[in-house]
Amino acid sequence: ASVTLSDKERAMAATDLDLDVLIAGAGPTGLMLANEMARRSSTSAIRYQVVDAAPGPSTHTKAMAVQVRTLEVYDDLGLVDKALEEGFKMNKFSVYGGEGKQLSAELGALNGLSPYPTMLVYPQFQNEALLLESIRQNHWDTAKGGRRRARGRGGKGSQQDAPITYHTKLVGFEKKADHVEARLQDTETMQTRVVRTKFLVGCDGAHSAVRHGLNLGFGGKKYPQEFVLLDCELEKEEPCDFLKPGEAFASMEHAMFVIFPYKDGSYRLIMSRAADKEGAEPTLDEVQASCDLLPFKLQIKAPRWLTQFSLHARSVDQYSDSDHRVFVAGDAAHIHSPVGGQGMNTGLQDSYNLGWKLAMVINGTAGPKASAMLLSSYNDERHRVGKKLLERTDNGFSVVTARGWTFRIMRSLIFSFLGKRLLIPMFMTAVPKWVSQIFITYRRSKISVGHLPRATFKAGDRLPFVKLTKGGEELSTFDILRGPHFTLLFVARSEEDLQDVPAALESSEPLQGEGLTCAVLAVDGFDGSSSAPDTVQVYSVADAPAFAKTFGILSGTILVRPDNYVGFMGNAKDLGSYVKMLTN
Ligand SMILES: Cc1cc2nc3c(=O)[nH]c(=O)nc-3n(C[C@H](O)[C@H](O)[C@H](O)COP(=O)(O)OP(=O)(O)OC[C@H]3O[C@@H](n4cnc5c(N)ncnc54)[C@H](O)[C@@H]3O)c2cc1C
């Protein structure tokens, strides 16, 4: 429960609010939210701070898979090239079913649906380092420019302190009428201090102090199995038909045993434990004994990280308090089995959804009514995603850990003629679509409005990827979206379709403070350059049939949110009432 502050602590609190956003936890979720604040600093000087109880950034691999949607977000943040350079694409694996039965499969790529159509193996600590570096870069850039701006306008000024503090634990908080008083403890000196913040976001992991402070339920279940994870090098017989370079391997013969490759040639081993070992410290001998049961010779070398873990499937019933001052995101809001590599990616998307909404409220772009709606939409949109995720990962987990007769039936089905010809190919197409997270939609959200007849997507969907050209350069919708701004798109095949553009630009004026990029997507050979206002960039559709398949429309107005989901679609004339709804 929330702590009550002592008089001394209260006296320590500053008279003005210290922060706009206090982020508890510098895991991937907290660092993504901080990035969302940091990249807006050059225009809006949001005062944010991340605190983490740990002494410094984590060095453990933990999550390995960076899904397609996360790569798209990294593109939006300008970080994707580094991630692609440091990670590697893995889409092949083989499964051994015992009795000499083996099959190899390749996960289908989402070609044409995303500029980054395959999952990337890129361990969690590298994701964290990438995000951390980006925050620091933004912070110091802004600090330099901010000093100049602050002198010029005599305003808020820049943050001079580093935005991430380790050794600092959130030990409690108290909600006030218009702010939150958070109590932070230095984990070295054990001294506490009070920080007054407009918003508090708990990105503080599975044992979240923020979730406890809000008394949020975390219903679900604990799985009975225990698992061991080992990061190490492997010595294997060469050539090895089972474990090929750059491919994953799973054995269904005895207990679950999976091997994933890392880019540097080392591996992650995950195995379910025998019941008599549960609760005991894992040992290399235990893992080697499981390796010895595999159909090929495998010797563990150079162990780097050995740990055991059990799994839960749990979710909060609300992602914030009823006043929308305190939020939870990432593992603080949902935990589940690692099947499908969704945990870290979902936390990143939680923050990506919340970040722009908080920014609009803090910047004053959203008035009181709009603020309440925007902030409550975080719960509406992400709670549904989290709930579905728990169901899917639970089903997936039941399949991979099935034992006894269920396991035997499944194995004979998978390795049957029908399985190899029908089930496996279906699986290889369906799984990448699900795990990619690009089909996540917020169609039922209050802030997804309007429709265009014949459009192949709806308000609340991620704006589809489609190739474009401009001045002979090959581009895509993602080049227009890149950055923290709103994007207003006019799909047009004639001058007539652009008639209402000036009125639409005027009605979208209240969003200018958040950044607004306007563009015409000219279809059917239309050259919109002479008819579009100067402030609107004109792009031509590169591949008309692909555009028809992906967009389905030849005219219409689309307002894309800063997280690249379609907020509004319809006629330019109707845009004004949507913008009012987002800002009043
Ligand atoms: C062994 C292991 C293997 C995994 N494998 C996978 C995988 O293959 N694929 C996958 O998708 N996911 C995997 N996960 C899950 C994935 O790591 C999590 O989903 C992800 O870390 C969630 O990120 P987060 O930022 O929400 O929370 P965390 O990463 O847990 O970060 C929370 C941060 O908050 C800090 N903190 C906690 N309490 C406080 C406090 N009171 N005050 C201040 N700071 C606090 C912590 O120090 C920590 O830095 C694995 C996890 C583990 C442990």
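Being a predicted model, the structure only gives us computed values, none of them experimental.

## Observations regarding the packing of aromatic side chains
Taken as a whole and judged by the stated rule, the model has 14 aromatic pairs. On the numbers, 5.7 Å between centres and 25° between planes, the contact of F227 with F309 is stacked. Taken together, the residues span a long stretch of sequence, with F227 in strand β12 (residues 218-236) and F309 in strand β16 (residues 298-316) at a distance of 82 residues. Classification of F309 as partly exposed rests on a relative accessible area of 21%. Look at F327 and Y378: their rings are 5.9 Å apart centre to centre, the planes differ by 70°, and that puts the pair in the edge-to-face class.

## What to know about the site of the ligand
Around the ligand lies a shell of 28 residues, among which T29, D52, Q124, D331 and G343 are the nearest. One of the backbone N or O atoms of G343 is found 2.9 Å from an oxygen atom in the ligand. Within the complex, the protein chains bury 80% of what would otherwise be the 990 Å² of accessible surface of the ligand. Mapped onto the shell around the ligand, the elements with two or more residues apiece are α2 (28-38), β9 (168-175) and α9 (343-362). Counted by class, the shell around the ligand contains 12 nonpolar, 10 polar and 6 charged residues.

## Focus on the domain arrangement of the protein chain
For the protein chain, the domain assignment lists domain 1 (7-79 + 122-215 + 317-392) and domain 2 (467-583). Inter-centroid distance (C-alpha atoms) of domain 1 to domain 2 is 31 Å. Residue-level contacts link 20 residues of domain 1 with 17 residues of domain 2. When domain 1 packs against domain 2, close to 1600 Å² is buried across both sides, 51% of that on carbon and sulfur atoms.

## Concerning the packing of α9 against helix α10 (residues 368-400)
It is at 9 Å that the axes of α9 and α10 come closest, and there the two elements cross at 175°. When the axis of α9 is compared with that of α10, the two are roughly antiparallel. Seen from α9, the contacting residues are T346, Q349, D350, N353, L354, W356, K357, L358, M360 and V361; seen from α10, they are S371, L374, L375, S377, Y378, E381, R382 and L389.

## Side note on the sheet that holds strand β21 (residues 486-492)
The strand order β20-β19-β23-β22-β21-β24-β25 describes an open sheet built from 7 strands, whose pairing is mixed. Each of the sheet's edge strands pairs with one partner strand only, and the pair in question is β20 (473-476) and β25 (566-570). Strand-to-strand twist across the sheet, computed as the mean angle between neighbouring axes with direction ignored, equals 30°. The strands touched by helix α16 (residues 575-583) within the sheet are β21, β24 (556-560) and β25, with β25 carrying the most contacts at an inclination of about 155°.

## Some words on the packing of helix α4 (residues 68-76) against α9
Orientation of α4 relative to α9, taken along the N-to-C sense of each, is 45°, at an axis distance of 10 Å. Regarding the angle of α4 to α9, the classification is oblique. Pair α4 / α9 crosses with left-handed handedness. Taking contact as the criterion, the partners of R69, T70, V73, Y74 and D76 in α4 are, on α9, N345, L348, Q349 and Y352. Tallied by class, residues from the contact of α4 with α9 come to 4 nonpolar, 3 polar and 2 charged.

So, how was this worked out
- Counting of residues starts from 1 at the beginning of each chain's written sequence and follows it residue by residue.
- The model is predicted, so local features are restricted to residues of pLDDT at least 70 and side-chain atom pairs to those at 80 or more, both for listing and for counting; the totals for chains, interfaces and linings are taken over all residues.
- Based on all heavy atoms of the structure, the side-chain values leave hydrogens and waters out of the count.
- Pairing of aromatic rings covers Phe, Tyr and Trp, the last counted by its six-membered ring, and requires centre-to-centre distances within 6.5 Å; plane angles under 30 degrees mean stacked, over 60 mean edge-to-face, and any other angle means tilted.
- Numbering of helices and strands runs from the N terminus; a helix is a DSSP stretch of H or I covering at least four residues, while a strand is a stretch of E covering at least two.
- For every residue, the accessible area (1.4 Å probe, protein chains only) is compared with the maximum for its type, and the residue is labelled buried under 20%, exposed over 50%, or partly exposed between those bounds.
- Residues are labelled near a given molecule or strand when at least one of their non-hydrogen atoms is within 4 Å of it.
- N or O atoms within 3.5 Å of each other form a polar contact, as long as, within protein, one can give a hydrogen and the other can take it, and as long as residues adjacent in sequence are counted only when both atoms are side-chain atoms.
- Only the protein chains shown count as cover for residues, with accessible areas throughout obtained via the Shrake-Rupley method and a probe of 1.4 Å.
- All residues other than Ala, Val, Leu, Ile, Met, Phe, Trp, Tyr, Cys, Pro, Asp, Glu, Lys and Arg, Gly among them, are scored as polar; the first ten of these are nonpolar and the last four charged.
- The source of the domain bounds is an automatic or database domain assignment.
- Contacts: residue pairs with any heavy atoms within 4.5 Å of one another.
- Put simply, buried area is the surface a 1.4 Å probe can reach on two separate parts but cannot reach once they are joined, added for both.
- Here the axes come from fitting lines to C-alpha atoms, over the contacting stretch only for helices, and the angles between their N-to-C directions go from 0 to 180 degrees.
- Roughly parallel means an angle under 35 degrees; roughly antiparallel, over 145; roughly perpendicular, 65 to 115; everything else is oblique.
- Being paired, for any two strands, means DSSP has found at least two bridges between them.
- We call a crossing left-handed when the near helix sits turned anticlockwise from the far one by less than a right angle, and right-handed when that turn is clockwise.

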